[in-house]
Amino acid sequence: MTRKLAMLGAGLAALSLTAVALVPATAKTGESNHDKAIQACSTVNPAQPVEAIGAVDDGSGIGFSLVWITDSEDRLWMCDADSEGFVYSYSLVNDDLLEGAGPELIGLKPASNGGYEDQPQTVAETICAAYLTEGGTVLSSRPDGLSEDPGYAVFVEDKGGALYLCNATGDAMVWAFEPIGDPLTFGKTEAVS
């Protein structure tokens, strides 16, 4: 599965334009190249109003943004969108998907300072690849831009060629793991799959 920007139907485009006009959303950014991504991620959130708390280049190398949103219920969302406003991943981030088992899963050894011996970005890459049952290959990674609990956005490819966006921290916690392919479509009442 690959990202196919040209494959978006007229129905989704009309729905997106309607949603932008009808759904109130607030977004703040210091970088104008993330504005369309922030707008798209803000608009599709089911719990309005929302606030964008950060946006950075997602590390894919093709100009996509990793956007962090908080909603009206003070929940944290991770969204990956492009500069044209198409959303490719949208995840509610609330618990470690591995429930604390990450360090053991990858054989992480504690350091004397209370952290771990390996570099945090290497730990995040390793746990994201290990999250796939048969393992995966790390394609790229970069800091995720979330200042409250800094982690890493890691793109992983499985053995079948499917791509995933993983958000993990240097202590081997996986906070989000989503397939990346064609732009997501959002129904009138359901914003995430």
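Scroll up to find the structure.
What follows concerns the pairing of strand S2 (residues 65-70). Buried residues dominate S2, accounting for six of its six residues. By the alternation rule, side chains of S2 split into Ser65, Val67 and Ile69 and Leu66, Trp68 and Thr70, which are all buried. Note: strand S1 (residues 51-57) against S2, six bridges, orientation antiparallel. Directly across from Gly54, in S2, lies its bridge partner Trp68. Relative to strand S3 (residues 76-81), S2 runs antiparallel, the two being bridged by six bridges. From the neighbouring strand, Trp68 faces S3, where its bridge partner is Met78.

Counting across every chain of the model gives two disulfides. Two residues share a disulfide in this structure: Cys128 and Cys166, whose sulfurs sit 2.0 Å from each other. Across the S-S bond linking Cys128 and Cys166, the dihedral sits near -70°, which makes this disulfide left-handed. In this pair, Cys128 is assigned in helix H4 (residues 120-131) and Cys166 in strand S7 (residues 163-168), connecting sequence segments 38 residues apart. Listing the disulfide partners of the protein by sequence rank of the bonded cysteines yields 1-2, 3-4.

In this section: the sheet that holds S7. The four strands lie next to each other as S5-S6-S7-S8, forming an open sheet whose pairing is antiparallel. Of all strands in the sheet, those with a lone pairing partner are strand S5 (137-143) and strand S8 (174-180), marking the two edges. Strand after strand, the sheet turns through a mean of 20° between neighbouring axes, direction not considered. Where S5 meets strand S6 (residues 152-157), six bridges bridge the pair, whose relative direction is antiparallel. Bridge pairing links Thr137 to Glu157 in S6. Sitting on the sheet, H4 touches S5, S6, S7 and S8, and the angle it makes with S6 is about 40°.

The rules behind the values
Residues numbered from 1 in each chain as written. Predicted model: local features only at pLDDT ≥ 70, side-chain atom pairs only at ≥ 80, totals over all residues. Heavy atoms only, no water. Buried < 20%, exposed > 50% of the residue type's maximum accessible area, 1.4 Å probe, protein only. Helix = DSSP H or I, 4+ residues; strand = E, 2+ residues; numbered from the N terminus. Pairing = 2+ DSSP bridges. Disulfide = S-S within 2.5 Å. Axes fitted to C-alpha atoms, helices over the stretch in contact; angles between N-to-C directions. Contact = heavy atoms within 4.5 Å.

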